[in-house]
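Descriptive analysis of the structure
As a plain string of letters, each chain reads:
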Amino acid sequence: MSEEERRTLGASEFGHGVLKRLEADGIFPEMMDAYRFAIALGLSKGRRTPFTGRRTVFNVGSFDKDEAVSGVISALMEVEAAQVYRVAEELAETGFQMIAPVVDAGEFRFDDFLTSV
Amino acid sequence: MKLLTLRVSNFMPYRGEQVMTFPVTGTRNVTLVHGDNMRGKTSLLNALRWVLYGEVVGRHLRRISSIDILNKDAAYDRDFVVKVSLSFTHDGHEYELVRTMQPKDLIDKPRDDDHFDSSASMRRDGVPISGHLIESEIGNILPNSISRFSFFDGELLQEYEQLVADATESSDRIKDAIERALGVPTLINGRLHVAELLHRAQRQFAKEGNKDSQHARLMQQTLDELEDAKSEQTRLTNLFHSVSEESETLDDELRKYERAESVGARLKELRENVAGLEETRDRALQRRRSLAPGAWLAILSSDIAARKEDAESRLLQSQNSYEESVRSKVEHSLRLSSLESGSCSLCQQDLTSAAVAEFSRKESQEDPSGNISTFSNDLATLARQLQRLRGLGAVSVGSEIIQAEREYDRTTIDIARMRQREDDLVKEVPGIDMMDISRKRQRKDLLQREIGKLDSQVSAQQSKCAGIQKKYDTLVKAAAGGQEASSQLIARKVTLLSSLAEIFEKSVDKLRHKLRAKVEEAATDTFRRLTTEKQYSGLRINDQYGLEIRDHMDRTVSVRSAGAEQIVALSLIDGLSHASNSAGLLVMDTPFGRLDLKHRAEVLSYLPGMAEQVVLLVHEGEISKDRDLAHVADRVSAAYEIERISPTQSRIVAK
C-alpha cells in the first residue's frame, strides 16, 4: 500500500536543536541549508536513521522548489517518488548525528566532512 | 696602576667565582684573554669598571642596570649576590678593592635597580680605608674621567672618530677628558685661584685706598659694577648648570624609556597587524558562510558523478538495444510481405524455394514485437535522470569552502600567535606611562633651547665682565702712583696679581699648544710605525685633539678606512700616554677587529711597549693562536680562555 506523499519535512527534537545551533553559530545562513547538508551526509553514508517525536520544520514547497533534493535522492537511491521526503527526513537524522558532536565541541569544519566522504 | 688579581662572582655571564691573575715578569707584560663573541670579554672590562667606579656601560656608553649585572642562572638559583674584587699596586702601595651588590632587606626576589644595595670596601697595604674616602682614593689612582685611556673598547674608538669632526657635545667631553689626563686642569685651577686672589686684593685696595678722592669713588663704582656683573654671570652660570643638569637627568630617564618606546612602537604595529588579520579572518568566515548553501552538493559530488557515468553507460546500451529492435522489426515486416507476395519486397524478383524456406525459418525463430516500447520507456527514464544529474553535477563549491576554511584557520593561528607576542611585550614594559614619556621629551626639547640661550647669555656676560675688569685695572694702575704708603703695598699686590693672572691666562694657552704638539709628535711616531701605507707622512692634531692623517704632500686625507681609524686611535692613546707620562695600564677589548693582517702584525708587535701592563681581550678572528701569536708570544705572561657553558654562563680557564 503506497503512502501519501509528504508535504512537509520534519526532524527529531535532537535534529531540530542541531539545525538551530548551526544557524545560530553562523555556519549556515539558514536552517534549510543545514538540513540539506545533513541529508547529503546521510546520502553519502547510504544510511537512514528512523526517529520518533517528529517535529515539522519546513514546507516541501519552499524547501525543494527546484526539486533538486528529491532528484538527487531519487538518482542515488532506489526510492519511490511518494517516499522521497520521508526518506529525506531519515537521511537528515543520520546527518544530525554526525554533525552534533563537532557542533557541541565548537569545532565544526566543512573540511572534515568534505575530505572524509 | 698595575693589576694583580681579579675575582668576579655572579657578574654578568660569570656564575660563581672566577679568578684571573695579571703577572708582569721581566719583559712579559701582556695578559691575553681569548673568547668568542657573546662569551664575556666586554663583561670583564665592565667588571673592572664596576669594581672601580660602580658603573657598567653597554653599547653607545649606556649604563647597564643592576638587574642585568646579576648572572641569570644565579638569579634563577636565588643567589642574588654579585661581587667583584680587584687587587692592584699603585705608587708602591698594594690595594684590595671589593664591590658587592645584594638585595635590600625584606626584598625576596629583586626585580629592578631599587631592590639592590651596593657597597665597596678598600684596603691599602692591609689597612682599611674609610668608606667615604674610597671614591677619592680611586680618583687619585685612576680618575673615572681619564679611565677611558686605560680601558679601551670599540665604543671609545667611535668617540675618537668624532674628534676630527666639528666640535660637538661628545667631542667637548672627550677633549675635557684628554686635558684632564694631560694635567691641563691643574693650570686652569691655578688661573682661577689667582683670579680669586686678585679679586680679593682689588676689594681690599678699593676699601683702603683714597676713599675721598674722585678717583677712588670711580674705582669703587667700577668695582661695584664689576661685582654686579660677576654676580649676574654667576647667576647665569648656575642657571645654565642647573638647566643642563635637569636636561641630563631627563636624558638618562628617557634613555631608560627608549626600550619602552621601542616596545610601544612594536605593540602598535602588532595590533595593526592583528586588526588586519582579523579582517581577513572575518572575510574568510563570511565567504565560508556564503558558500555553505552549496556544501550539500559538494558532499555528494563524487556519488553524483559515479551515478551519472553509470546512467550514461546504461543510456548508450539502451540506445543500441532500441536500434537493434527497430532493425529486426523492419526486417520482419519485409520478410512477411515477401512471403505473402512470393517476390522480394526490395528487388521485386521472385523468391526461390530456398529463400522461402530461409524466410520461414527466421520468422518461426524471431518475434520482435513488444521489445521496442520497453526500450523506449527505459530510454526516456534514463535521459530524464541524466539531465537532472548533469544539472546538479555542474555545481560544486567544495574546494572554495575548504580554501575559505583553511584561510580562516591560518589567520586564527596567526592572530593567536600575535596575541601571545603582544602579551609578552606588554609584560616587558609593565606600567609605563607613554604620555609621561612624551611630556618628558617635550620638556627636554624646551631645556635644550634654554641651554643654547643661556650659553649665549653667559658668553655675553663674560665679555662684559672682562671689559669692566680692564677698565678697573687701568684705574688701579693710575691710582697706584698716588696711593699713600699704607695702600701702596696693596696696590703693588693688585698689580702683581694682575700680571700673574695674565701669565696664567697665556700659560694655559701655551700649555695646551705644547701638549698638543707633544701628543701630535708622539702619535705621529706611533702612526708611522703602525701604518702599512708609507705614503702617509704623519698626523696633525686639531683643537679637539682629533688627529688628521697627512699624505706625502702634507695634505689632509679626508677619506679614512675603518682600519686607518683604528690605527689613528691607537696612535692617539700612545701619544697621550707619552704626553701624560701615565702609561701604566692598558686594557683593550677587541682592538684588532677592523685591522687587516699586516696592520694586525704591526700593532701586535708594538702593543706590549705601549704600557707597563697590557691586557688584551680578543676573539679568534683577531688573534689566531696559530697565525698571530708569534708576534707577541715572548711578551705574554698569562693567557686565558673564556669557555661557554651555556648561553647565560661562561667560565675563565687558564691556558
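Our structure's up above, just so we're on the same page.
First things first, this report covers the structure right here in the doc. Computed from a predicted model, the values in this text were never measured in an experiment.

Each helix and strand counted, chain A has six helices and two strands in total. Along chain A, helices and strands appear, N-terminal first, in the series β-α-α-β-α-α-α-α. Going through the 117 residues of chain A one by one, you find that 53% of them count as buried. If you sum the accessible surface of chain A, you get close to 5,400 Å²; carbon and sulfur atoms cover 44% of it.

Residue and element names in this part refer to chain B. If you check the backbone angles, Asn10 has positive phi at about 60° while not being a glycine. Within the secondary structure, Asn10 sits in strand 1 (residues 2-11). On the accessibility criterion, Asn10 (2% relative accessible area) is buried.

Our focus in this paragraph is the packing of aromatic side chains. Tallying each qualifying case throughout the model produces 15 aromatic pairs over all chains. With a centroid separation of 5.4 Å and an interplanar angle of 35°, the aromatic rings of Phe108(A) and Phe113(A) are classed as tilted. For Phe108(A), a relative accessible area of 7% corresponds to the buried category. Plain terms: the ring middles of Phe88(B) and Tyr95(B) are 5.0 Å apart, the flat faces sit at 10° to each other, and that makes the pair stacked. Owing to a relative accessible area of 4%, Tyr95(B) belongs among the buried residues under this scheme. By the ring-pair criterion, three or more aromatic residues cluster together here, those being Phe28(A), Phe37(A), Phe108(A), Phe110(A) and Phe113(A). Positioned above the aromatic ring of Phe63(A), the side-chain terminus of Arg36(A) is 4.9 Å from the ring centre.

Right, let's talk about the side chain of Thr94(A) for a bit. Residue and element names in this part refer to chain A. Looking at where Thr94 falls in the secondary structure, it is placed in helix 5 (residues 84-104). Overall, the relative accessible area of 1% leaves Thr94 in the buried class. Beyond its immediate stretch of four places on either side in the chain, Thr94 contacts Gly42, Arg47, Arg48 and Thr49.

Every contact between the two is made by 23 residues of chain B and, on the other side, 28 residues of chain A. Buried area between chain B and chain A, both sides added, is near 2,300 Å², and the carbon and sulfur share of it is 67%. Considering only the surface of chain B that becomes buried against chain A, Arg289(B), Trp296(B) and Ile299(B) emerge as the three largest contributors, covering 31% of it. Viewed at the interface, chain A and chain B are joined by two salt bridges. Put simply, Arg406(B) and Asp111(A) hold a salt bridge, and the shortest N to O gap is 2.9 Å. Counting the contacts that link chain B with chain A gives seven residue pairs in polar contact (both at pLDDT 80 or more). Elements with a minimum of two residues in the side of chain B that touches chain A: helix 8 (214-291), helix 9 (295-341), helix 11 (371-393) and helix 12 (398-428) of chain B. By residue number, the principal contributor to the side of chain B that touches chain A is helix 9 of chain B, which donates nine residues. Class assignment for the residues of the side of chain B that touches chain A results in 13 nonpolar, two polar and eight charged.

The next subject is the layout of surface pockets. Residue and element names in this part refer to chain B. There is about 1,700 Å³ of room inside the second largest pocket. Forming the walls of the second largest pocket are 37 residues, and the residues nearest its centre are Arg191, Leu192, Gln233, Gln462 and Glu505. With 10 residues, the top contributor of residues to the lining of the second largest pocket is helix 13 (residues 434-480). Grouping the constituent residues of the lining of the second largest pocket by class yields 11 nonpolar, 10 polar and 16 charged.

There is a patch of like positive charges on the surface, built from Lys506(B), Lys510(B), Lys514(B) and Lys518(B). Mapped onto the secondary structure, Lys506(B) falls in helix 14 (residues 485-530).

Now for empty space enclosed by the protein. Residue and element names in this part refer to chain B. Evaluated as defined, the whole model comprises two cavities of 30 Å³ or more. Within this model, the second largest cavity holds a volume of roughly 40 Å³. Along the walls of the second largest cavity sit Leu6, Met20, Phe22, Leu44, Leu48, Val587, Val615 and Leu617, which together make up its complete lining. The residue makeup of the lining of the second largest cavity, split by class, is eight nonpolar, no polar and no charged.

Looking now at the pattern of salt bridges. Should their charged atoms come close, side chains of opposite charge can pair. In this structure the tally under the stated criterion is 47 salt bridges over all chains. Two residues, Arg78(B) and Asp108(B), come together in a salt bridge whose shortest N-O distance is 2.8 Å. On the criterion of sequence distance, the pair formed by Arg78(B) in the loop between helix 3 (72-76) and strand 4 (82-90) and Asp108(B) in the loop between strand 5 (93-103) and strand 6 (116-124) is long-range, its members being 30 residues apart. If you follow the salt bridges from partner to partner, you end up with Arg109(A), Asp111(A), Asp112(A), Arg406(B) and Asp409(B) in one network.

Structurally, Ala40(A) can be placed in helix 2 (residues 31-45). Using a relative accessible area of 0% as the deciding quantity, one classes Ala40(A) as buried. Taking the C-alpha atoms as reference points, Ala40(A) and Gly95(A), 55 residues apart in sequence, are found 7.4 Å from one another. With residues near it in sequence (within four places) discarded, Ala40(A) still touches Trp296(B), Ile299(B) and Leu300(B).

In this section: the nonpolar core. Phe11(B) and Leu616(B) are the most contacted members of the largest nonpolar core, which totals 95 residues. Among the elements that take part in this core, helix 15 (residues 562-580) of chain B stands out by supplying nine residues, more than any other. Formed by 57 residues, the second largest nonpolar core is a distinct cluster that contains Ala11(A), Ala40(A), Val72(A) and Trp296(B).

About the cut-offs
- Residues numbered from 1 in each chain as written.
- Chains lettered and ligands numbered in written order.
- Predicted model: local features only at pLDDT ≥ 70, side-chain atom pairs only at ≥ 80, totals over all residues.
- Heavy atoms only, no water.
- Helix = DSSP H or I, 4+ residues; strand = E, 2+ residues; numbered from the N terminus.
- Buried < 20%, exposed > 50% of the residue type's maximum accessible area, 1.4 Å probe, protein only.
- Areas by Shrake-Rupley, 256 points an atom, 1.4 Å probe, with all protein chains shown as cover.
- Phe/Tyr/Trp six-rings, centres within 6.5 Å; stacked < 30°, edge-to-face > 60°.
- Lys NZ or Arg CZ within 6 Å of the ring centre and 35° of its normal.
- Contact = heavy atoms within 4.5 Å.
- Buried area = accessible area lost by both parts, 1.4 Å probe.
- Salt bridge = Lys/Arg side-chain N within 4 Å of Asp/Glu carboxyl O.
- Polar contact = N/O pair within 3.5 Å; in protein donor to acceptor, adjacent residues only side chain to side chain.
- Nonpolar A, V, L, I, M, F, W, Y, C, P; charged D, E, K, R; others polar.
- 1 Å grid on protein atoms, 1.4 Å probe; cavity = no way out; pocket = protein on both sides within 12 Å on 5 of 7 lines; lining within 4 Å.
- Points joined across faces, edges and corners; volume = space filled by probe spheres on them.
- Patch = residues over 30% accessible without salt bridge, like charges linked within 9 Å, V, L, I, M, F, W, Y side chains within 5 Å.
- Lys, Arg positive; Asp, Glu negative; His and termini not counted.
- Charge placed at Lys NZ, Arg CZ, Asp CG, Glu CD.
- Core = buried A, V, L, I, M, F, W, Y, C linked by side-chain atoms within 4.5 Å.

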